[in-house]
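One letter stands for each residue in the lines below.
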Amino acid sequence: LRQPTKAPTAQYNGSRTMATRSARNNYMKLPATQQIARRFSNQTALIGVIGLGYVGLPLLLRFNTSGFKGLGFDIDEQKINALNSGSSYISHISHSQIKSAYDRGLRVTADFSQIKHCDALILCLPTPLTSDREPDLSHIIATIEMLAPYLQRGQIVSLESTTYPGTCEEELLPRLERTGLVVGEEIFLVYSPEREDPGNQDFEARDVPRIVAGYSRACLTLGTALYEAVTERVVPMSSIREAELTKLLENIQRSVNIGLMNEMKMVADRMDIDIFEIIDAASTKPFGFTRYYPGPGLGGHCIPIDPFYLTYKARLLGIDTRFIELSGEINRAMPSYVIQKTEWALRQQSKNISDAKILVLGLAYKKNVGDPRESPAIKLIDLLTKQGADVSYSDPFLLTFPKMRNYQYSLVSTELSASILSSFDVVVLITDHDCFDFDLIQAHSKLIIDTRGRYRGAITNVVRA
């Protein structure tokens, strides 16, 4: 582990019991790591979560249900007002969950001066790409600079955002040091990448192991104590850089394998072979094969974006990450492939996209959630509209088209019925929410473009894409 020049003498022993560190002569007496850790083990610590989006709000609720006092922070007044009124703005979090959390003492605010009261500050901030597809750390940097005047001795600052190796040491560490607090002795820097999977009912958040790394031994010790309080298993890493790269590897593996499946889908389609049947058959092999499925393109905040955080860092080191970038190119091209298949299918009916009435099924990037970030459905709607199509969409999780920086459409979700479905020239299935009545859709649609393999076998009005 990295040891700062004035590193504490406490030794990490993998448990919540840590040696007490003596205060340095030229500082006021500091809280010992053992005393700080005890506040997490006995649930008396106040946990501050900064950024109440798809990662931050579930994390805040997890600490709340585990018995902690929680204080959420966000610059978005609409989110603060919604939560204070007992409302949820995330589809898989119910209003009743918010109200119950408030009954247990949860509070949220846009007043960042209140961070001085927190024992731990967990940063759950977006890490998007610039228009040049390079890392945009502006949210992290702006937040750290906003927090700096209020930071106190004994606090833990933990970053959960996905980013390239070196971010914590190159961007967070110097800004924390400018406060005059000694990192590793007076304030503790931790990195623990989020592992959220919205809508996944197979895993409880507490059961998903937590990667934790710290700038020093004391940082790791306290970070472990923090996350052990709400996670069954903590996986300590030897340094923050290793933890940062671990998170990228998790997401790059998915991106590369989905890219492979998307390429295989196009090859299989040309051979008139059902790729979904092939994947299911290959999955019966009990070793050496992992199931990944193709689709209309990647969505969400992680898989379409995170690989480019590593390619950026690799370029700075003179390394060409051709494999990662190729998979990204394939995945980004899938909405265009879906349009090509739609054009072909419409031509068989003597129609063109420019005069077609098209219904896009599903606006969210994955099924059974209301998250539209980087959704291929939104890119598809944009491309179809620019080609002159009359486009509508249906998604019970997103009743109105979301406000987005790059896409502005005044659309509302279409309620499905036999007469509505039959009024469209083509229905393009992008997100296969379980609540869709797929029998109704198949029975009353003139033409279906299926990008998810929902319909199997030879169905006259279904085209695979």
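In what follows, the structure referred to is the one given above.
The text that follows walks through the structure, step by step, so that each part is easy to find.

### Here we look at the overall build of the protein chain
- Across its full length, the protein chain holds 15 helices and 13 strands.
- Relative to the globule expectation of 23 Å for 465 residues, the C-alpha radius of gyration of the protein chain, 25 Å, shows essentially globular dimensions.
- If one aligns the C-alpha atoms of the protein chain with their principal axes, the spans along those axes are about 85 × 50 × 40 Å.
- A burial count over the protein chain gives 54% of its 465 residues as buried.
- Of the contacts formed within the protein chain by residues at least 6 apart in sequence, a portion of 69% connects residues at least 24 apart.
- Working note: accessible area of the protein chain is about 21000 Å², and carbon and sulfur atoms make up 49% of it.
- For the protein chain, the distance from the average site of its 51 positive side-chain charges to the average site of its 52 negative ones is 5 Å.

### Looking at the pattern of salt bridges
- Summed over all chains, the structure comprises 23 salt bridges.
- For the salt bridge of Glu186 with Arg153, the shortest nitrogen-to-oxygen distance reads 2.9 Å. Taken together, the positions of Glu186 in the loop between α6 (167-177) and β6 (188-191) and Arg153 in the loop between α5 (138-147) and β5 (156-159) put the pair 33 residues apart, joining distant regions of the chain.
- Across the pair Glu374 and Lys379 runs a salt bridge whose closest N-O atoms are separated by 4.0 Å.
- Linked by salt bridges that have partners in common, Lys367, Asp432, Asp434 and Arg454 make up one network.

### Here's the deal with a nonpolar patch on the surface
- Nonpolar side chains collect at one region of the surface, where Val267, Met271, Ile273 and Ile278 lie side by side and expose about 340 Å² of accessible area between them.
- Tracing the sequence through the fold places Ile273 in the loop between α8 (240-270) and α9 (275-282).

### Looking at the pairing of strand β4 (residues 120-123)
- Side chains of β4 alternate between two faces, with Ala120 and Ile122 and Leu121 and Leu123 buried alike.
- Bridge analysis of strand β1 (residues 46-50) against β4 gives four bridges, and the strand direction is parallel. Counted as the bridge partner of Val49 is Ile122 from β4.
- Relative to β5, β4 runs parallel, the two sharing four bridges. If you follow Ala120 over to β5, its bridge partner there is Ile156.

### What about the layout of surface pockets?
- Its volume calculated, the second largest pocket comes out at about 230 Å³.
- Met266, Asp269, Arg270, Tyr337, Gln340, Lys341 and Trp344 together form the lining of the second largest pocket.
- Elements with a contribution of two residues or more to the lining of the second largest pocket: α8 and α12 (334-347).
- Counting residues per element, the lining of the second largest pocket draws most heavily on α12, which supplies four residues.
- Taken together, the residues that form the lining of the second largest pocket break down as three nonpolar, one polar and three charged.

The rules behind the values
- Residues numbered from 1 in each chain as written.
- Predicted model: local features only at pLDDT ≥ 70, side-chain atom pairs only at ≥ 80, totals over all residues.
- Heavy atoms only, no water.
- Helix = DSSP H or I, 4+ residues; strand = E, 2+ residues; numbered from the N terminus.
- Rg over C-alpha atoms; globule rule 2.2 N^0.38 Å.
- Buried < 20%, exposed > 50% of the residue type's maximum accessible area, 1.4 Å probe, protein only.
- Contact = heavy atoms within 4.5 Å.
- Areas by Shrake-Rupley, 256 points an atom, 1.4 Å probe, with all protein chains shown as cover.
- Lys, Arg positive; Asp, Glu negative; His and termini not counted.
- Charge placed at Lys NZ, Arg CZ, Asp CG, Glu CD.
- Salt bridge = Lys/Arg side-chain N within 4 Å of Asp/Glu carboxyl O.
- Patch = residues over 30% accessible without salt bridge, like charges linked within 9 Å, V, L, I, M, F, W, Y side chains within 5 Å.
- Pairing = 2+ DSSP bridges.
- 1 Å grid on protein atoms, 1.4 Å probe; cavity = no way out; pocket = protein on both sides within 12 Å on 5 of 7 lines; lining within 4 Å.
- Points joined across faces, edges and corners; volume = space filled by probe spheres on them.
- Nonpolar A, V, L, I, M, F, W, Y, C, P; charged D, E, K, R; others polar.

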